[in-house]
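Observations on chain architecture
Residue strings, one per chain:
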Amino acid sequence: KLQSPGDDLVFFVNGKKITEKNAEPEKTLLTYLRRNLGLTGTKLGCAEGGCGACTVMVSKYHPYQNRIIHYAVNACLAPLCSLHHCAVTTVEGIGSVASKLHPVQERIAKAHGSQCGFCTPGIVMSMYALLRNNPQPSMHDIQEAFQGNLCRCTGYRPILEGYRTFTKDGGCC
Ligand code: FES
Ligand code: FES
């Protein structure tokens, strides 16, 4: 098939440049992360945008605001082809036990906010994206950031208690 160099899909995953010569329009970011890149931290929970197990952060230059914007995205619904010139951050990109855990990872674990663990990467990435935009959120901001994340195990309380420590006053009134 004839293809010009301008047809390459170029984007970044955890800081690494990816040039995809044969991007398939029907492929989602979640499938690409897990099957092509072997990054299995991002999970498939529903494939319809409801559970947040596939949450990653996307960063890109916003031409009108003239700045980089960061936002949480459902990788199960994001077409790979929509990511040209974007930077994707997955749970593996912010920290690990092999190197150093990010405070968002450490606090959910130590606060007993992870039981089966399957929802944890998505919750971590929703919290991480919130902190990138708002380093001192209120409890209301934190609760709002998890509107699209479901957890079947914890009852949510320990997750919110662990992340309360990121608020300005530690969540105290
Ligand atoms: S897998 Fe459930 S929101 Fe993407
Ligand atoms: S810890 Fe099991 S779904 Fe959240």
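Below or above, wherever it landed, is the structure these notes cover.

Thresholds, definitions, all that
- Residues numbered from 1 in each chain as written.
- Chains lettered and ligands numbered in written order.
- Predicted model: local features only at pLDDT ≥ 70, side-chain atom pairs only at ≥ 80, totals over all residues.
- Heavy atoms only, no water.
- Helix = DSSP H or I, 4+ residues; strand = E, 2+ residues; numbered from the N terminus.
- Buried < 20%, exposed > 50% of the residue type's maximum accessible area, 1.4 Å probe, protein only.
- Contact = heavy atoms within 4.5 Å.
- Areas by Shrake-Rupley, 256 points an atom, 1.4 Å probe, with all protein chains shown as cover.
- Lys, Arg positive; Asp, Glu negative; His and termini not counted.
- Charge placed at Lys NZ, Arg CZ, Asp CG, Glu CD.

Some details on the overall build of the protein chain
When you go through the protein chain residue by residue, the secondary structure sums to 5 helices and 5 strands. Listing every helix and strand of the protein chain by position from the N terminus yields β-β-α-β-β-β-α-α-α-α. Taken over the C-alpha atoms alone, the protein chain extends approximately 65 × 35 × 30 Å along its principal axes. Sorting the 173 residues of the protein chain into buried and exposed places 41% on the buried side. Residue pairs in contact within the protein chain that sit at least 24 positions apart in sequence constitute 60% of those at least 6 positions apart. When the accessible area of the protein chain is evaluated, it comes to approximately 9900 Å², of which 53% is carbon and sulfur surface. Across the protein chain, the centroid of the 18 positively charged side chains sits 5 Å from that of the 12 negatively charged ones.

Section: the environment of V124
Within the fold, V124 resides in helix α3 (residues 120-133). In the structure, V124 is positioned 61 residues away from P63 in sequence and 28 Å away in space, judged by C-alpha atoms. In contact with V124, not counting residues within four places along its chain, are V91, I94, V104, Q105, I108 and Y163.

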